[in-house]
Structures are given as C-alpha cells and as structure tokens.
Amino acid sequence: MTAQETPAGSPTKRVLAVVLFNLLVYIVIGLPNAVLTIFVHQGLGYSTTVAGITFSLQYFATFAARPSAGRLVDRIGPKPVVIGGLVTCLLSGLLIAGSGLLAATPTLSLTVLLFSRLLLGWAESWAATGVIVWNIRRAGAENTAIAISWNGICSYGGIALGAPIGAKLSMLAAPYGGLVSVGILSVALPLFGLALIGFYPGVKPIRSSSKPISFAHALRLVLPHGSALAAGSIGFGAISSFLALYYSVLHWQGAATALAVFGFTFVVIRFFFAPQIARRGGVFVAIVSLLVEAVGLAILGLFQTPSAALAGAALTGAGFSLLFPALGVLAVNSAGPENRGAALGAYSIFIDLAIAFSGLFLGQVIELAGYRTMFAATALCCLGGVMISRSLGRRTA
C-alpha cells in the first residue's frame, strides 16, 4: 500500500475520517422510520401490507444495487461510488418532501414516495459498500473487523439518531410538517457530505493479473454466512417496519424512543464488544447474538406492555449488533483482496433481501394473526440462524 492509502494515525482514526459519509446517509435513512408506515397507513389510507411494502422497497433497491456497487468499487475505486451514493441520497430527499406536499392526493403521493424509497436504497448500497472498502484500504486488511464494526456503529447510530429527529420534524405545523421537513433535512445532510468529500484523497483500485470473480461466484462463497445473517435480519426488519405502527395501534406514546433504544443498544454493544469477534471467533459471536435477539423478539411477542416493548427492542438491538461483522469478516476475506467489493456486495445482499421480504410478508402475518404472532415468528427465524451458524462452525473446524 502507498502512503496515500494508509494515512498516519491509529486504524480507528483512519476509519472514522471516512465513515462520516455513511453516517450522513444513515441519518437520512432513519429520519422517516418513525413516521413512514403511519403516513402511508393512516395519512394516505392504505393497508398495513402496503405500508410494509413501501418501507421495504428501499431494501429491494439496496439489493438490486449491490452487484453494481461491488463491481464499481473494485474497478474504479471506492470514493467515486460514495459520491454517487450521496447524490442519490439527495435526490431521494427531494422526493420525500414532494410526497409530503402531495398528501392530499394519496395515489400520487404514494407513487412519489415509492420512487424516493428506491433511490434511498440505491444510495445506501453505494455509500455503505464504498465506505467499507475505502476504510479497509486506509486501515489495512488486518483491520477489516474495525472497518466493518465502525461502519455499523455509524449506520445504526445514524438510524437511531434520525428516527426521533424525524418524529419531531413530522409534528411541525403545515406546510413544513409531516414528510416535508423530513425531506428538507434529507437534502441538507448529503449536500454537506458532497461539499466535504472533495477534501479527501481517494485510493486506487487493486490491480490483479487474475480475472475478477463473477457475482454469482461471490454469492456462492458467502452463502452460509449470508444465510445466518438473513435469519437475524428479519427481526431488524420487524422492528424497523412495524414497531412505530405497533405503538400507534395500541395508542402508546414513545415509538421514536423505542427505536432510539434499539439503535442505542446496537451502538453500545458494537462499540464495546466488537473485539470479541477476534478473540472468540465469528461463529461463536454470531450464535450468542442470534440467541439474544430471539429473546428480545420473544418478549415483544409475549408481553404487550410499553415497558416490555422497550426491553424487547433493547435486546433485539443488542443481539443484532455484532451479527453482521461477526460473519462478515469471514465472508469478505473469502474472495481475496482484489475482490473485496464483490464479496461484500454479495454478503450484504442477504440482509437486504431479509429486510425487504420481512416488510412484505410480516405485514400479511399482522393482518392474519396480529403483532404477537409476527414477533414470535421472527424469534423462530433467529433460532434457525443459530442452527445455520452451528453448521458453519463445524465446516470451519
């Protein structure tokens, strides 16, 4: 590596300098979390299934963008890909504001909102993939766990920060209340990132004499890791998509607080316990994480009280926190340094699909059997992830 690629300072300081761009994008992702499904279901008058699909559409778009993000990072370097993510995030914010202004016309408002979700998913994929690989190059491959862990801290910390801010903004008086104010801030944050990123030196792509692996090959390499990740990600999808609506249906206050508690415990666990991945091994940490998440979701399903909901959200965030980096370090290193972008994109697809389909199918579970059954089903998915992780541990051994 050149001096440009490994700037002075500790690996953590090198990572923090760049992970800021991912933080900005994820604050934008978090801003509508506490208001989006309520806006679609109660404001526009659509069903919970439509509300869930609207929320999940972002993750379908993230899934669709993963292959291009991985290929471009490996081909042209991560910085241009991060810039593309910030631009797309800005455009998504404009459409969010437009959807709020068109609330009196439900069909048109929903259509604009759907396009906004598509763009936001694309922005998430390009920004997250580009930032992680950029930081691996800056900090060194031996610090891959640090790069992935801090990316997650900023990702879910951004969501936790954005959700209560979005809830407060949505209560402003017309014409700037609702999604309009959320959209305005969603434009300002990536605009700040674009103004800042020009001062950062990029890194060149790694050239190799061997032919880059295909995306299908990368998927096969990370399939066991991604399957366990997907099993745990369904619980995150349930919290993100339906916790605010769950609170609203039961006439409880504090949905934004519950989402913030989820994000807070996620960040705290990731910050203090990420070194356990290197000490205990990724498979062991993944199994413990999935068990804790299953307990949190089971509490949400069994006890229908505000305090139980807070406790369940906290445990779900704590359990989900280390799952991605625990298995991600093994997944990313499985394809070689010249194909890290492809491996990361393939591995990340599993979380995208899990969250996307959770919004689609869990909304139908709610309509047929209620919220308690939905949370219980997601807890069982986590237990399925434990079995997959145990199988992966035997294969690794």
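Its UniProt record, at the heading Sequence similarities (unreviewed entry), says of the chain: "Belongs to the major facilitator superfamily. YhhS family."

Trainee: Just to check I follow, could you spell out the layout of surface pockets for this structure?
Mentor: Empty space among the atoms becomes visible once a probe the size of a water molecule is rolled across them. The volume enclosed by the largest pocket comes to roughly 490 Å³. A34, V35, I38, A167 and M171 are, among the 23 residues lining the largest pocket, the residues nearest its centre. Among the elements of the structure, α2 (36–43), α6 (144–170), α8 (215–249) and α9 (255–273) are those that each provide at least two residues to the lining of the largest pocket. Across the lining of the largest pocket, the residue classes break down as 13 nonpolar, 9 polar and 1 charged. Counting contributing residues, the lining of the largest pocket receives three or more from each of domain 1 (10–200) and domain 2 (212–396).

Trainee: What exactly am I supposed to notice about empty space enclosed by the protein here?
Mentor: In this structure the tally under the stated criterion is 3 cavities of 30 Å³ or more. Approximately 210 Å³ is the volume found for the largest cavity. Around the largest cavity, the lining comprises 20 residues; the ones closest to its centre are Y26, R66, Y156, F324 and I351. Residue assignment for the lining of the largest cavity shows that the elements contributing at least two residues are α3 (48–76), α5 (106–139), α6 and α14 (340–369). Considering every element that reaches the lining of the largest cavity, the biggest residue donor is α6, with 6 residues. Here the residues of the lining of the largest cavity are counted per class, giving 12 nonpolar, 4 polar and 4 charged. Counting the residues that make up the lining of the largest cavity, at least three belong to each of domain 1 (10–200) and domain 2 (212–396).

Trainee: I would appreciate a short explanation of the environment of L383 in the present structure.
Mentor: Checked against the element boundaries, L383 lands in helix α15 (residues 371–396). Residue L383 is classed as partly exposed on the basis of its relative accessible area, which comes to 38%. The spacing of L383 and G98 is 285 residues in sequence and 42 Å in space, taken between C-alpha atoms. Each residue touching L383, except ones within four places of it in the same chain, is listed here: L291 and A294.

Trainee: Teacher, can you tell me more about the packing of aromatic side chains here?
Mentor: For the coordinates displayed, the defined rule picks out 15 aromatic pairs. Judged by centre distance (6.4 Å) and plane angle (5 degrees), the ring pair of F21 and W134 falls under stacked. Placement of the pair is F21 in helix α1 (residues 11–30) and W134 in helix α5, with a sequence separation of 113 residues. Judged by relative accessible area, which is 0%, W134 ranks as buried. Where F21 meets Y200, the ring centres are 4.9 Å apart and the plane angle is 70 degrees; that geometry is what we call edge-to-face. Taken together, the residues F21 in helix α1 and Y200 in the loop between α7 (179–197) and α8 connect sequence positions 179 residues apart. Y200 carries the same exposure label as F21, and that label is buried. One aromatic cluster in this structure is built from Y246, Y247, W252, Y371 and F375.

Trainee: Sorry if this is basic, but what is going on with the nonpolar core here?
Mentor: When a protein is soluble and globular, its nonpolar side chains tend to lie buried together. Grouped together as the largest cluster of nonpolar side chains are 123 residues, with contacts concentrated most on L243 and F375. Ranked by residue count, the leading element in this core is α8, at 16 residues. Here this core gathers at least three residues from each of two domains, domain 1 (10–200) and domain 2 (212–396).

Trainee: Would you mind showing me how to read the side chain of T37 here?
Mentor: Secondary-structure assignment places T37 in helix α2. If near-sequence neighbours (up to four positions away) are discounted, T37 is found in contact with Q42, A51, F55, S241 and L245.

Trainee: What am I meant to see in the side chain of T378 here?
Mentor: Mapped onto the elements, T378 comes out in helix α15. Note on T378: relative accessible area 0%, which makes it buried. Not counting the four nearest positions on each side in its chain, T378 is found in contact with I234, G235, A238, L297 and L362.

Trainee: I tried to follow unusual backbone geometry on my own but got confused; where do I start?
Mentor: Trans peptide bonds make up the majority, and among non-glycine residues the majority have a negative phi. The backbone of H251 sits at a positive phi, close to 60 degrees, despite the residue not being glycine. Mapping H251 onto the fold places it in the loop between α8 and α9.

Trainee: Help me out: how do you make sense of the domain arrangement of the chain in this one?
Mentor: One widely used convention gives an interface's size as the accessible area the parts lose upon coming together. For the chain, the assigned domains read domain 1 (10–200) and domain 2 (212–396). Averaged C-alpha coordinates put domain 1 and domain 2 at centres separated by 19 Å. Of the roughly 3,600 Å² buried between domain 1 and domain 2, counting both surfaces, carbon and sulfur atoms make up 73%. Area buried by domain 1 at its contact with domain 2 is led by Y59, R66 and Y156, which between them contribute 17% of it. Summed over the shared surface of domain 1 and domain 2, the result is 0 salt bridges.

Trainee: Whenever I open this one, the packing of α8 against helix α12 (residues 306–321) confuses me. Can you help?
Mentor: For any two helices packed against each other, the geometry is given by the interaxial angle and the distance between the axes. α12 packs onto α8 with a crossing angle of 150 degrees between their chain directions and a minimal axis gap of 10 Å. Compared by their axis directions, α8 and α12 come out roughly antiparallel. Seen from above, α8 lies across α12 with left-handed handedness. Facing G232, S233, G235, F236, I239, L243 and Y247 of α8, the residues of α12 in contact are P306, A309, L310, A313, T316 and F320. Residue classes in the contact of α8 with α12 are distributed as 9 nonpolar, 4 polar and no charged.

About the cut-offs
Residues numbered from 1 in each chain as written. Predicted model: local features only at pLDDT ≥ 70, side-chain atom pairs only at ≥ 80, totals over all residues. Heavy atoms only, no water. UniProt positions renumbered as here; feature names shortened; annotations may be inferred. 1 Å grid on protein atoms, 1.4 Å probe; cavity = no way out; pocket = protein on both sides within 12 Å on 5 of 7 lines; lining within 4 Å. Points joined across faces, edges and corners; volume = space filled by probe spheres on them. Helix = DSSP H or I, 4+ residues; strand = E, 2+ residues; numbered from the N terminus. Nonpolar A, V, L, I, M, F, W, Y, C, P; charged D, E, K, R; others polar. Domains from an automatic or database assignment. Buried < 20%, exposed > 50% of the residue type's maximum accessible area, 1.4 Å probe, protein only. Contact = heavy atoms within 4.5 Å. Phe/Tyr/Trp six-rings, centres within 6.5 Å; stacked < 30°, edge-to-face > 60°. Core = buried A, V, L, I, M, F, W, Y, C linked by side-chain atoms within 4.5 Å. Buried area = accessible area lost by both parts, 1.4 Å probe. Salt bridge = Lys/Arg side-chain N within 4 Å of Asp/Glu carboxyl O. Axes fitted to C-alpha atoms, helices over the stretch in contact; angles between N-to-C directions. Parallel < 35°, antiparallel > 145°, perpendicular 65-115°, else oblique. Left-handed = near helix turned anticlockwise from the far one by under 90°.

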